[in-house]
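# Structural overview for review
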Amino acid sequence: MSRKTRSEHEEGAEGQTLPANPELEAALREAVESFGTVAGGADESNPGEPTEAGELRLADPVEGEFIDEEIERLREELIQARDQHLRLQADFENFRRRALKERQELQQYGHENLVKDLLSTVDNLDRAIQHAQQSDGGDLESLLQGVEMLQRELLSILENHHVSEIEALGAVFDPAVHEAMAQAPDASVPPNTVIDVLQKGYQLRGRLIRPSRVVVARKPDE
């Protein structure tokens, strides 16, 4: 082939163009836009948010690791709080059982010390009765002294357990601690004065156990 022919052939080849293909051009344009979005087209201030082109930028790996660590920390705190709650619940249940047991024991054996103190008085009373039976009732004075000694011992025991006698004779009638059984005319004392005690009353640490049964004076009839 001559030089002229080769030159004409090259010029003809360079002058040729491919037919237009709209689908291929659209695919190429979409690929270029996607590459530009991932490479730097997204807004750096809002990671993970859509850009103006409508594309979503991938989240920062460092931020993702921080979120995972935070979730793990919250999970551990939740586990610790649950364990602490279970321990507190178990401790409260044990405390409730102990309190219930102590209350039952207090109701059943709370007066144990008083009973122990009264046993010696009961023993002395038994000996006094036995002595009176052996003397065939001849030594009444000794028997009376023994009974008086037992009374003093018993009152001392009650006083040690904070039981006190209500002073009623000669006092003004008080319905809070006295129970009037009768009225009797008496001009020697003011009206409503206790002139006789039929049954003694007692208090425990200031709380009324039994009122005093008394006879109250009233003004004599003219």
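Up top you'll find the structure we're talking about.
Residues numbered from 1 in each chain as written. Predicted model: local features only at pLDDT ≥ 70, side-chain atom pairs only at ≥ 80, totals over all residues. Heavy atoms only, no water.

### Some words on the overall build of the protein
Counting its regular elements, the protein contains five helices and six strands. The N-to-C order of helical and strand elements in the protein reads α-α-α-α-α-β-β-β-β-β-β. Within the protein, the fraction of its 222 residues that count as buried is 11%. Partitioning the intrachain contacts of the protein with sequence separation of at least 6 by distance along the chain shows that 54% fall at a separation of at least 24. Roughly 18,400 Å² of accessible area belongs to the protein as shown, and the carbon and sulfur atoms make up 54% of that amount. (Helix = DSSP H or I, 4+ residues; strand = E, 2+ residues; numbered from the N terminus. Buried < 20%, exposed > 50% of the residue type's maximum accessible area, 1.4 Å probe, protein only. Contact = heavy atoms within 4.5 Å. Areas by Shrake-Rupley, 256 points an atom, 1.4 Å probe, with all protein chains shown as cover.)

### Here we look at a nonpolar patch on the surface
A surface patch of nonpolar side chains, about 290 Å² in accessible area, is lined by Phe66, Ile67 and Ile71. With respect to the helices, strands and loops of the structure, phenylalanine 66 is situated in helix α3 (residues 61-109). (Patch = residues over 30% accessible without salt bridge, like charges linked within 9 Å, V, L, I, M, F, W, Y side chains within 5 Å. Salt bridge = Lys/Arg side-chain N within 4 Å of Asp/Glu carboxyl O.)

### A closer look at helix α4 (residues 112-134)
For α4, with 23 residues, the first-to-last C-alpha span of 33 Å sits near the 33 Å given by 1.5 Å per residue. At leucine 118, α4 shows its largest bend, some 25 degrees. For α4, the complete set of buried residues consists of Thr121, Asn124, Ala128 and Ala132. (Expected span 1.5 Å × (residues − 1). Bend = angle between axes of the 7 residues up to and from the residue.)

### A word on the sheet that holds strand β3 (residues 194-199)
With mixed pairing, the three strands of this open sheet are ordered in space as β2-β6-β3. Every other strand in the sheet has two partners, leaving β2 (178-185) and β3 as the edge strands with one partner each. Each adjacent strand pair in this sheet contributes to an overall mean axis angle of 30 degrees, direction not counted. Relative to strand β6 (residues 212-218), β3 is paired through four bridges, and the arrangement is antiparallel. Bridge pairing links glutamine 199 to arginine 213 in β6. (Pairing = 2+ DSSP bridges. Axes fitted to C-alpha atoms, helices over the stretch in contact; angles between N-to-C directions.)

### Remarks on the sheet that holds strand β4 (residues 202-204)
Pairing is antiparallel in the open sheet, where three strands are placed in the order β1-β4-β5. Single-partner strands in this sheet number two, and they are β1 (163-165) and β5 (207-210). Averaged over all neighbouring strand pairs, the angle between strand axes comes to 35 degrees, with direction disregarded. When β1 meets β4, the two strands line up antiparallel, connected through three bridges. Bridge pairing in β4 links glutamate 165 to tyrosine 202.

### Concerning the side chain of serine 212
Structurally, serine 212 is set in strand β6. Apart from the residues lying within four places of it in its own chain, the contact partners of serine 212 are Ile166, Ala168, Val177, His178, Glu179, Gln199, Lys200 and Gly201.

### Structural notes on the packing of α4 against helix α5 (residues 140-160)
Axis separation between α4 and α5 bottoms out at 10 Å; the angle between their running directions is 175 degrees. Of the possible angle classes, the one that applies to α4 and α5 is roughly antiparallel. Between α4 and α5, the residues in contact are Leu114, Asp117, Leu118, Ser120, Thr121, Asn124, Leu125, Ala128, His131 and Ala132 and Ser142, Leu143, Leu150, Glu153, Leu154 and Ile157, respectively. Grouping the amino acids of the contact of α4 with α5 by side-chain chemistry returns nine nonpolar, five polar and two charged. (Parallel < 35°, antiparallel > 145°, perpendicular 65-115°, else oblique. Nonpolar A, V, L, I, M, F, W, Y, C, P; charged D, E, K, R; others polar.)

These figures come from the coordinates and say nothing about function on their own.
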